[in-house]
Structures are given as structure tokens and as C-alpha cells.
Amino acid sequence: MEGGAYGAGKAGGAFDPLTLVRQPHTILRVVSWVFSIVVFGSIVNEGYLNTPLEGEEFCIYNRNPNACSYGVTVGVLTFITCLLYLALDVYFPQISSVKDRKKAVLSDIGVSAFWAFLWFVGFCYLANQWQVSKPKDNPLNEGTDAARAAIAFSFFSIFTWSLSAALAVRRFKDLTFQEEYNTLFPSSAQP
């Protein structure tokens, strides 16, 4: 292992974007970011319909405005969360304190598991509301591809966020092992 706790020996070094892009958790964050854009973009662009007889728009998911609101809210908040954690990934090598690194990784575990759960709920909710939608509400099948895309990418997001949580757990174990090793063998730890 390289010196320091999970790369802490390199703290203060130059930023290497190539190393950042090659890390699996960074790739998963970018993929999750794109998935969130697809979900909320699909719902915002084509998730609301109106008929010539009605003046107001209604949600394509069983005329349930809560379904559209949930998909958009979770998508936008996930979008912002991905950006924040991408910024943390950029800053992470600069953190020299093991305790601060642990806090960052623990927050990553919690946030990733939380978003995996919310995406699971969102997938179930959108799929259920789509299943019980009445064909008479949308006779021309407008926006059906977008509605299905939002459901599909909600499903895919469950796995990307679950994988992110699993990678964060592995990262935490590496961090904890390195800290314990440095405590047991302080003379072998590199400055």
C-alpha cells in the first residue's frame, strides 16, 4: 500500500484528472448523474399531458401529480448530490486527516444507500402508476416512451447507487485497515 491512509501520503499533491476519471466510484457517480438527468428530463419534458377538452395539464402516470413530482424531485436532488460527491472525489486526495476521510466515506455510504432506497421507491411508484393508467387519458400515446424511460432509468439507478454504496464500504474498510496498521506499526508508516 502506498503511504498514508488510503492515499493520505499524497495529500497536498497535484490534482490528476486522469486518475480521478479511472476510479470506479467516479464513473458510477457520472453514470448516476446521467441517469438522474434522463429521469427528471423525461418527466419534465413529456410527463405532463393535456386534452383539448381540459385546459389543465395532468401527469401521464395515472393523472397522479405526486408521481411526476416524486420523479422530478428525486431526479433533481440526485443530480445535485452527484455533483457534490464528484467535488468531494476531486478534493478527497487533499484530505490528510484520517478522521475527516472516514467522515467523508461514511457519508458516502449513507447517502448512496439512501438514494438507492429512494430510487427503489420511485421505480415501484412510477411503475405502479404507469400500470394503472387508463388508455382513455392518453389516446394518442403521447409521452409514453419518456414515461417508460423514466421508469427504466429509475430501475437502473437502484443498481448504480447500490454499487456506489458497496464501493464506499470497501473504501471504508481499506481506510480502517490502513489506520489500524499505522497504529500498530508506527515506525513502518511513511511520512
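Residues numbered from 1 in each chain as written. Predicted model: local features only at pLDDT ≥ 70, side-chain atom pairs only at ≥ 80, totals over all residues. Heavy atoms only, no water.

Under an unreviewed UniProt entry, the name given to the protein is Synaptogyrin 1, and the source organism is Myotis myotis. Checking UniProt for the protein, the heading Sequence similarities (unreviewed entry) contains the comment "Belongs to the synaptogyrin family." The Subcellular location (unreviewed entry) comment attached to the protein in UniProt states, word for word, "Membrane". (UniProt positions renumbered as here; feature names shortened; annotations may be inferred.)

Caption draft 1: Structural context of the overall build of the protein. Broken down by element type, the protein carries five helices and two strands. The 191 residues of the protein split such that 39% are buried. When contacts within the protein are restricted to residue pairs at least 6 apart in sequence, long-range pairs at least 24 apart make up 79% of them. When the accessible surface of the protein is split by element, carbon and sulfur atoms take 66% of a total near 10700 Å². (Helix = DSSP H or I, 4+ residues; strand = E, 2+ residues; numbered from the N terminus. Buried < 20%, exposed > 50% of the residue type's maximum accessible area, 1.4 Å probe, protein only. Contact = heavy atoms within 4.5 Å. Areas by Shrake-Rupley, 256 points an atom, 1.4 Å probe, with all protein chains shown as cover.)

Caption draft 2: Structural context of the layout of surface pockets. In this model, the second largest pocket occupies a volume close to 200 Å³. Around the second largest pocket, the lining is made up of 14 residues, and of these Trp-130, Ser-133, Lys-134, Pro-135 and Asn-138 lie nearest the centre. Among the secondary structure elements, those contributing two or more residues to the lining of the second largest pocket are strand E2 (58-59) and helix H5 (144-184). For the lining of the second largest pocket, a count of residues per class yields five nonpolar, five polar and four charged. (1 Å grid on protein atoms, 1.4 Å probe; cavity = no way out; pocket = protein on both sides within 12 Å on 5 of 7 lines; lining within 4 Å. Points joined across faces, edges and corners; volume = space filled by probe spheres on them. Nonpolar A, V, L, I, M, F, W, Y, C, P; charged D, E, K, R; others polar.)

Caption draft 3: Representation of the nonpolar core in the model. Residues Ile-43, Tyr-61, Trp-115, Trp-119, Leu-126 and Trp-161 are the most contacted members of the largest nonpolar core, which totals 22 residues. Broken down by secondary-structure element, the contributors of at least two residues to this core are helix H2 (24-46), E2, helix H3 (65-91), helix H4 (98-131) and H5. Each residue touching Trp-119, except ones within four places of it in the same chain, is listed here: Ser-36, Val-39, Val-74, Gly-75, Thr-78, Ser-154, Ser-157, Ile-158 and Trp-161. (Core = buried A, V, L, I, M, F, W, Y, C linked by side-chain atoms within 4.5 Å.)

Caption draft 4: Spatial organisation of the packing of aromatic side chains. Throughout the structure, instances matching the rule amount to 11 aromatic pairs. A ring pair is formed by Trp-33 and Phe-79, whose centres lie 5.5 Å apart and whose planes are at 20°; its orientation type is stacked. Of this pair, Trp-33 sits in helix H2 while Phe-79 sits in helix H3, and the two are 46 residues apart along the sequence. Judged by its relative accessible area of 26%, Trp-33 is partly exposed. Ring geometry for Phe-123 versus Phe-155: centroids 5.0 Å apart, planes at 50°, classification tilted. Highlighted residues: Phe-123 in helix H4 and Phe-155 in helix H5, separated in sequence by 32 residues. Three or more aromatic residues joined by ring pairs form one cluster here, namely Phe-35, Phe-123, Phe-153, Phe-155, Phe-156 and Phe-159. In this structure, Arg-101 is placed above the aromatic ring of Phe-92, and the distance from its NZ or CZ to the ring centre is 4.7 Å. The ring centre of Phe-92 lies 4.1 Å from the NZ or CZ of Arg-171, which sits over that ring. (Phe/Tyr/Trp six-rings, centres within 6.5 Å; stacked < 30°, edge-to-face > 60°. Lys NZ or Arg CZ within 6 Å of the ring centre and 35° of its normal.)

Caption draft 5: Focus on empty space enclosed by the protein. Going through the model one piece at a time under the given rule, you end up with one cavity of 30 Å³ or more. One number sums up the size of the largest cavity: a volume of about 40 Å³. Looking at the lining of the largest cavity, its residues break down into five nonpolar, no polar and four charged.

Caption draft 6: Unusual backbone geometry, seen in detail. In this structure, Asn-62 takes a positive phi of about 60° despite not being glycine. Assignment of secondary structure puts Asn-62 in the loop between E2 and H3.

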